[in-house]
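Okay, here's what each chain looks like letter by letter:
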Amino acid sequence: MKEKANTLYPQRKINGTVGFLLNELKPKGKIFTVFNMISLPIMLVGIVLIYIRFSQGLGAVTNLTQQVPWGLWIGFDVVTGVAFAGGAYVLAFLVYILNLKKFKPILRVTILNGFLAYLFYSGALLLDLGRPTSVINVIIGNNFGVSSVMFLVGWHFLLYMLALLLEFSPAIAEWLNAKKAHRILSAATLGAVIFGITLSVLHQSGIGALFLMAEDKIHPLWHNSYMPLMFVVSSIFGGIALVIIEGSISRKVFSSQYDESHDHKSILHGLARICAGGMFLYLVMTVLVFIHEQNAVYLSTTWGAWYLVEILGFVFVPMLLFCQSCIKPNQIVIKIAAVMTLLGILLNRMNVSIIAFRWDAAEAYVPSWQEFIVTLTIIFIEIWVFRWIVRRMPVIRKSPDWAKDKH
Amino acid sequence: MDINRRNFMKSLGFAGVALTVGKSHGAEKKPEGETEFYGMLYDSTLCMGCQNCEFTCAETHGLEEPEDEPEAGVVRKTNQNRRTVINCYETSQGEAYIKQQCMHCNIPACDTACLTQAMHKTKKAPVIWREDKCMGCRYCMISCPFDSPKFEYGSTNPKIVKCTMCADRLREGKKPACAENCPMGAITFGKRRDLIKEARKRIHDDPEYYHNHIYGEHEAGGTGWLYIAGVPMNELGFDTNIRKKSYPALTKGFIGAIAPVDILLPGALLGIYAATKSPKEEEE
């Protein structure tokens, strides 16, 4: 999948902007790569399935039941996906608010990742809505359900997407060589970052708060009144773990875009430290909640064992690995720990929203193969768009000289 | 107006009288502005499981007629074609019937959960679903402790289906269809307050026969449907460990924290930003 050395900046054609854009639409990398050969057929099947979903209803492609109305599309695409996209607000906080310049080289790619993730998750959300055209009701006020947690999540989600777009927009301006727009958009970055972080904290916690009323439905090991707080804290290290993995893949795929000054090691070690700290905090909170809710009685059950797998296997162990790499830096250990952390976040979100939801139901919900294919389709489309943008705009590579002294 | 001492004392006296009179009346009459919900009382001991309520409900709302019958050991469920069911349970006092449908909570979880207020608790009592607002997110189904809202998974324009306490008929001054057509008088429609009194009276008059509990008086913060039976309700397929406070109370703290965070956090972030700015940048 290695990309041949590209010309660093798109050559300006004489026939103006339209010609430039048309030229940019052409594929820039190899077409027959392993990734393309796997993803393309899945995406085609997925698009057919999405068509069936809209022509025959949700029941035609999903295994959702009256008791378990939210399945893989919400549990994975939205609930898990939003946690994975948490890296964008954490890195914006580190670089712009704490002024840690070290992380700046990976900021743009993380922001882009976050923005695309949100864009496609909201796409997944529309697939799951029974009456998707009515989504406009939330915006036009038919009616504003201000006491609803979902209303809060929806609005903060939407505004955060705009904030992310604004944070990323200087890269688009650099691509289009729009100097004046670049100056204006760069000036708006700090505002977008500050509101972006605020919006993130609230919608990350809001996703946990969505399940507060499902008190009788979620197994007590996973339901507690601190869920909003737990969801924010876990989104910090979950998001950073994804940044670590995405960074190491991007380094291979887009190797020509990285230059000598990119201090990958130092960034990686810094991220590992943040993960270790965040996970320690999360574990302390988990233990406190466990004691406070008097959950020890459930430990001897199968659910208790499953809970321990999640907490010990996929939070405690990766935390130890991250800690170890703080003392004796080792990139392989950090990457293994990051993968385990992501699996831990996945387990946690799936447990809350699907696996331990209606754990006592007579007929358990198991996602259909169609739900899996559609989920993969959304992820693949996102990766295709991500690749398209990275190969064209200054995301990983440095900004053009005229834009350097700005943000 | 010129207020002298005498007039002032006089008006004070009138006010005092008015206050005491008002108070004594208040005990009988409901205070102005406070809504009084209607409700339904279901007496399991009177129900014979004839399914008349199911048939009349299907007819009133244009749904399919039920083809199966209540049978001990089989739990029939409401679904997108069936807004109410009668189930039969083998209890410690022999076979008993129980009706199920939306409970029409006083402070419903679905109403609070709904981000477009499509689920709506009306002033009279019924919790209704409004087609022009719903976007089909099914958060009401996640939140409802009784799993009342059902979704049409097979439709491209799905509806949320559940008992509406015949809100349309109430508006015309009629009783809900099931209450009107129950041959055994097991379903009573009336003011919720009166129904609780009636239920207490029945339990009081025949303490041997009734289990001393009105399900729905406090469950989930109080529900529109009230149940009395000869056995504890957990023998009839109901969750008796359910919260006694309303479900929306669970999210109240979080909702309340949103505005302060939205207002205070940006300021704090701006403060940290200013503090960490390097001197070199400030010069620029």
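All of the points below concern the structure found in this document. Going along each chain's sequence as written, the residues are numbered from 1 onward. Going through the entries in the order they are written, you letter the chains from A and number the ligands from 1. Note on the predicted model: pLDDT of at least 70 is required for a residue's local features to be given, and 80 or more for side-chain atom pairs to be given and counted; whole-chain, interface and lining totals, by contrast, use all residues. To get the side-chain values, all heavy atoms of the structure are used, and hydrogens and water are removed first.

Once that is clear, we can look at the pairing of strand β1 (residues 38-43) of chain B. Residues and elements named next belong to chain B. Where burial is concerned, most of β1 is hidden: 5 out of the 6 residues are buried. Paired strands are those between which DSSP finds at least two bridges. In this text, helices come from DSSP runs of H or I with a minimum length of four residues, and strands from runs of E with a minimum of two, each type numbered from the N-terminal end. As paired elements, β1 and strand β9 (residues 225-228) share 4 bridges and run parallel to each other. Looking at the pairing, Met40 lines up with Trp225 of β9. Three exposure classes are used, based on accessible area relative to the maximum for each residue type with a 1.4 Å probe and protein chains only: buried under 20%, partly exposed in between, and exposed over 50%.

Attention now moves to the interface of chain B and chain A. Residue contacts are counted whenever heavy atoms from the two residues lie within 4.5 Å of one another. Residue-level contacts link 57 residues of chain B with 60 residues of chain A. Counting the surface chain B buries against chain A, the share from its top three residues, Ile142(B), Tyr153(B) and Phe254(B), is 16%. Salt bridges are defined by distance alone: a side-chain nitrogen of Lys or Arg within 4 Å of a carboxyl oxygen of Asp or Glu. Taken together, the connections running from chain B to chain A amount to 5 salt bridges. For Arg138(B), the salt bridge goes to Asp128(A), with nearest N and O atoms at 2.7 Å. Polar contact criterion, stated in full: a pair of N or O atoms within 3.5 Å, where within protein one must be able to donate a hydrogen and the other to accept it, and residues adjacent in sequence count only if both atoms are side-chain atoms. One can count 36 residue pairs in polar contact (both at pLDDT 80 or more) joining chain B with chain A. Listed by contribution, the elements that provide at least two residues to the side of chain B that touches chain A are α3 (109-113), α4 (139-143), β6 (150-151) and α8 (249-276) of chain B. No other element matches the 14 residues that α8(B) contributes to the side of chain B that touches chain A. Side-chain classes follow a simple rule in which Ala, Val, Leu, Ile, Met, Phe, Trp, Tyr, Cys and Pro form the nonpolar group, Asp, Glu, Lys and Arg form the charged group, and the remainder, Gly included, forms the polar group. A per-class count over the side of chain B that touches chain A returns 31 nonpolar, 13 polar and 13 charged. Buried area is a sum: the accessible area each of two parts loses on coming together, probed at 1.4 Å, counted once for each and added.

Right, let's talk about the sheet that holds strand β8 (residues 187-191) of chain B for a bit. Two strands in a sheet stick together by hydrogen bonds in their backbones, pointing the same way (parallel) or opposite ways (antiparallel). Residues and elements named next belong to chain B. Ordered in space as β8-β1-β9, the 3 strands form an open sheet in which the pairing is mixed. If you trace the sheet from one side to the other, it starts and ends with β8 and β9, each paired once. Within this sheet the neighbouring strands show an average axis-to-axis angle of 25 degrees, counted without direction. Bridging between β1 and β8 involves 5 bridges; their strand directions are antiparallel. The residue bridging Met40 from the neighbouring strand is Phe189, located in β8. Orientation is described by axes fitted as lines to C-alpha atoms, over the contacting stretch for helices, and by angles from 0 to 180 degrees between their N-to-C directions.

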